[in-house]
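Read off the chains here:
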Amino acid sequence: VNVVVHGHEPTLSELIVAASQDPEIIEYAKAAGAEGVNLSGICCTANEILMRQGIPAAGNFLQQELAIMTGSVEAMVVDVQCIMQALVGLAENFHTKIITTSPTVKLKGATHIEFNEHKALTIAKEILKTAIDNFKNRGKTHIPSHKEDLVPGFSHEYINYMLGGSYRSSFRPLNDAIMSGRIRGVAAIVGCNNPRSSHDYLHVKVTKELLKQDVLIVQTGCGAIASAKQGLLLGEAGLDQVGPGLRDICETVGIPPVLHMGSCVDNTRILTVLTQMVEEGGLGDDIDQIPAIGLAPEWMSEKALVIAAYCVASGAYVIFGGTSPVSGMPDKVSESDLVANYLIDGWEELYGGKLEFVPDPDEIIKKTLEHIDKKRAALGLPEFDPERFGRSGDTRMLELETLPLETRREAIYGLAAD
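Being a predicted model, the structure only gives us computed values, none of them experimental.

**Observations regarding the overall build of the protein chain**
Okay, step 1: Tallying secondary structure elements over the protein chain gives 17 helices and 12 strands in all.
Okay, step 2: Since a compact globule built from 418 residues should have a radius of gyration of about 22 Å, the 24 Å found for the protein chain is in line with a globular shape.
Okay, step 3: Taken along its principal axes, the extent of the C-alpha atoms in the protein chain is 75 × 70 × 40 Å.
Okay, step 4: Each of the 418 residues in the protein chain was classed as buried or not, and the buried ones make up 52%.

Right, dumping it as structure tokens:
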């Protein structure tokens, strides 16, 4: 029995995971002719249960309709935010039940089973039994074979442990890598998918280009799932496309070049990491001095603006793709332009951070690198030089072992000259 959970409420999804493993529910599914209950996630709920429970993601925001169109989903359980209004109409062409669970979100034609934390497990079981009862109505299915492995779960606690171990957990190795220039800086690439651009295009383009420039990437939400589809959340994958300094760090520590930090509501984890980096020393006295930036290339919801505002207030420079919702007419200065400029100049003066809207992905990349280099210079760190540490993963010294001694000496001198 296939159940997709979709939305943003972690308590609901956690309880559905627990209920799906309950012997009572498993027996109920077997009595209906199924082997059990198979869960997957869409959007931020996908990241919640992926991060904490290892439940696979079915996709990000723009794939919620595609999941239903496989014909294999008995129920899609939704709560709040990023729920497409057309889901019920689409589901009528298949056997899928759309189950709403929030008192503030009800869709005409959907099955409403309201979630109550005081009866959480009982309600989670009721939701799953509704899906199991629908199993007999399944018709033809078509499930694409495309899938990709990933390594999720990089909370700020785990990054701290990962860098230093149980007894010496510390952000010192990360700070040192930035200070030496092996890592140029850090970019948090977060946010939604936007139907106004090709699916995942902006996330993937910006991520791949910054990785080539030795920028360590942390991601949450739909942006993280976009990178997962490209294999960028695997330690051994894509390192040939990563700058030499960053690749050295990834190979040494055993991490992917893109760190999955959870769902959109976990963006505070990124601020926690930045705070701990400041506390560790060597990268300034506050978040606004770190060579770091926040990017939302495909933002589309009001939630993203709220997240950006508190990141700016914490000292972060944030770039959104697309146009500003408060920009004025292009041919004249308006009060809206004054507001837009205040988000940049006014906020930076007050908080050290600013919010800017940049439609062109190449300009986003350019501004990102300029900001990181500007912060490096202000801290007195060495200017970033991609050739400084040589070619990462260089196996030429190993190849020289097979040569005669004299030939080997000449080759080593030549290698050193390179």
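After presenting the structure, the write-up continues.
**Examining the packing of helix 7 (residues 156–164) against helix 12 (residues 267–280)**
Okay, step 1: The contact between helix 7 and helix 12 brings their axes to 9 Å, and the two run at 40°. Here helix 7 is positioned oblique relative to helix 12, judged by the angle of their axes. Here His156, Ile159 and Asn160 of helix 7 lie close against helix 12, whose contacting residues are Arg269, Thr272, Val273 and Gln276.
Okay, step 2: In terms of residue class, the contact of helix 7 with helix 12 is made up of two nonpolar, four polar and one charged.

**Focus on the packing of aromatic side chains**
Okay, step 1: Summed over all chains, the structure comprises five aromatic pairs.
Okay, step 2: A centroid spacing of 5.6 Å and a plane angle of 85° characterise the contact between Phe320 and Phe357, whose relative ring orientation is edge-to-face. Placement of the pair is Phe320 in strand 11 (residues 317–321) and Phe357 in strand 12 (residues 354–358), with a sequence separation of 37 residues. This pair shows no difference in class: Phe320 is buried, exactly as Phe357 is.
Okay, step 3: By the ring-pair criterion, three or more aromatic residues cluster together here, those being Phe154, Tyr158 and Tyr161.
Okay, step 4: One cation-aromatic arrangement involves Lys129 over Tyr28; the distance from NZ or CZ to the ring centre is 5.4 Å.

**Topic: the sheet that holds strand 7 (residues 185–189)**
Okay, step 1: Taken together, the six strands give an open sheet; going across it, the order is 9-8-7-10-11-12, and neighbouring strands pair in parallel fashion. If you trace the sheet from one side to the other, it starts and ends with strand 9 (258–260) and strand 12, each paired once. Pairs of neighbouring strands in the sheet enclose a mean axial angle of 25°, with direction left out of account.
Okay, step 2: The sheet contact formed by strand 7 and strand 8 (residues 215–219) spans five bridges and is parallel. Note on strand 8: the bridge partner recorded for Ile189 is Gln219.

**Details of the environment of Met69**
Okay, step 1: Secondary-structure assignment places Met69 in helix 4 (residues 64–69).
Okay, step 2: C-alpha of Met69 to C-alpha of Gly89: the two residues are 20 residues apart in sequence and 12 Å apart in space.

**Some points on the nonpolar core**
Okay, step 1: Ile159, Leu210, Met277, Leu295, Phe320 and Leu355 are the most contacted members of the largest nonpolar core, which has 69 residues in total.
Okay, step 2: A total of six residues in this core trace back to one element, the largest contributor, which is helix 12.
Okay, step 3: Those residues in contact with Leu355, other than ones at most four positions away along the chain, are Ala308, Val312, Val318, Phe320, Leu343, Ile344 and Trp347.

**Digging into the pairing of strand 8**
The side chains of a regular strand alternate, first on one face of the sheet and then on the other.
Okay, step 1: Within strand 8, five of the five residues are buried, leaving the element largely enclosed by the surrounding structure.
Okay, step 2: Where burial is concerned, the two faces of strand 8 agree: the one with Val215, Ile217 and Gln219 and the one with Leu216 and Val218 are both buried.
Okay, step 3: Where strand 8 meets strand 9, three bridges bridge the pair, whose relative direction is parallel. Within strand 9, the position partnered with Gln219 by the bridge is His260.

**Structural notes on the packing of helix 9 (residues 201–212) against helix 15 (residues 361–378)**
Okay, step 1: With their axes 10 Å apart at the nearest point, helix 9 and helix 15 run at an angle of 35° to one another. The chirality of how helix 9 crosses helix 15 is right-handed. Taken together, the residues of helix 15 that come into contact with helix 9 (itself represented by Leu202, Lys205, Val206, Glu209 and Leu210) are Pro361, Asp362, Ile364, Ile365, Thr368 and Leu369.
Okay, step 2: A breakdown of the residues in the contact of helix 9 with helix 15 according to their chemical character gives seven nonpolar, one polar and three charged.

**Structural notes on the environment of Pro10**
Okay, step 1: With respect to the secondary-structure elements, Pro10 resides in helix 1 (residues 10–20).
Okay, step 2: Sequence separation of Pro10 and Asp79 is 69 residues, and the distance between their C-alpha atoms is 10.0 Å.

**Some thoughts on the side chain of Glu48**
Okay, step 1: Looking at the element boundaries, Glu48 is found in helix 3 (residues 43–53).
Okay, step 2: By relative accessible area, which is 2% here, Glu48 ends up buried.
Okay, step 3: When residues no more than four places from it in sequence are discounted, the contact partners of Glu48 are Pro10, Ser13, Glu14, Ser263, Val265 and Asp266.

**A word on the pattern of salt bridges**
Okay, step 1: Counted according to the given criterion, the structure contains 18 salt bridges.
Okay, step 2: In this structure, Arg172 engages Glu280 in a salt bridge whose closest nitrogen and oxygen atoms are separated by 3.6 Å. Of this pair, Arg172 sits in helix 8 (residues 172–180) while Glu280 sits in helix 12, placing them 108 residues apart in sequence.
Okay, step 3: Overall, the relative accessible area of 29% leaves Glu280 in the partly exposed class.
Okay, step 4: Across the salt bridge formed by Glu209 and Lys212, the nearest N and O atoms sit 3.2 Å from each other. One end of the pair, Glu209, and the other, Lys212, are both in helix 9, three residues apart, so they sit about a helical turn from each other.

**Remarks on helix 10 (residues 221–229)**
Okay, step 1: The element helix 10 is largely enclosed, with a buried count of eight among its nine residues.
Okay, step 2: Gly221, Cys222, Gly223, Ala224, Ile225, Ala226, Ser227 and Ala228 are the residues of helix 10 that are buried.
Okay, step 3: Once helix 10 ends, the next one or two residues include Gly231, with phi positive near 80°.

Cut-offs and rules
- Residues numbered from 1 in each chain as written.
- Predicted model: local features only at pLDDT ≥ 70, side-chain atom pairs only at ≥ 80, totals over all residues.
- Heavy atoms only, no water.
- Helix = DSSP H or I, 4+ residues; strand = E, 2+ residues; numbered from the N terminus.
- Rg over C-alpha atoms; globule rule 2.2 N^0.38 Å.
- Buried < 20%, exposed > 50% of the residue type's maximum accessible area, 1.4 Å probe, protein only.
- Axes fitted to C-alpha atoms, helices over the stretch in contact; angles between N-to-C directions.
- Parallel < 35°, antiparallel > 145°, perpendicular 65-115°, else oblique.
- Contact = heavy atoms within 4.5 Å.
- Nonpolar A, V, L, I, M, F, W, Y, C, P; charged D, E, K, R; others polar.
- Phe/Tyr/Trp six-rings, centres within 6.5 Å; stacked < 30°, edge-to-face > 60°.
- Lys NZ or Arg CZ within 6 Å of the ring centre and 35° of its normal.
- Pairing = 2+ DSSP bridges.
- Core = buried A, V, L, I, M, F, W, Y, C linked by side-chain atoms within 4.5 Å.
- Left-handed = near helix turned anticlockwise from the far one by under 90°.
- Salt bridge = Lys/Arg side-chain N within 4 Å of Asp/Glu carboxyl O.

None of this, on its own, says anything about what the molecule does.
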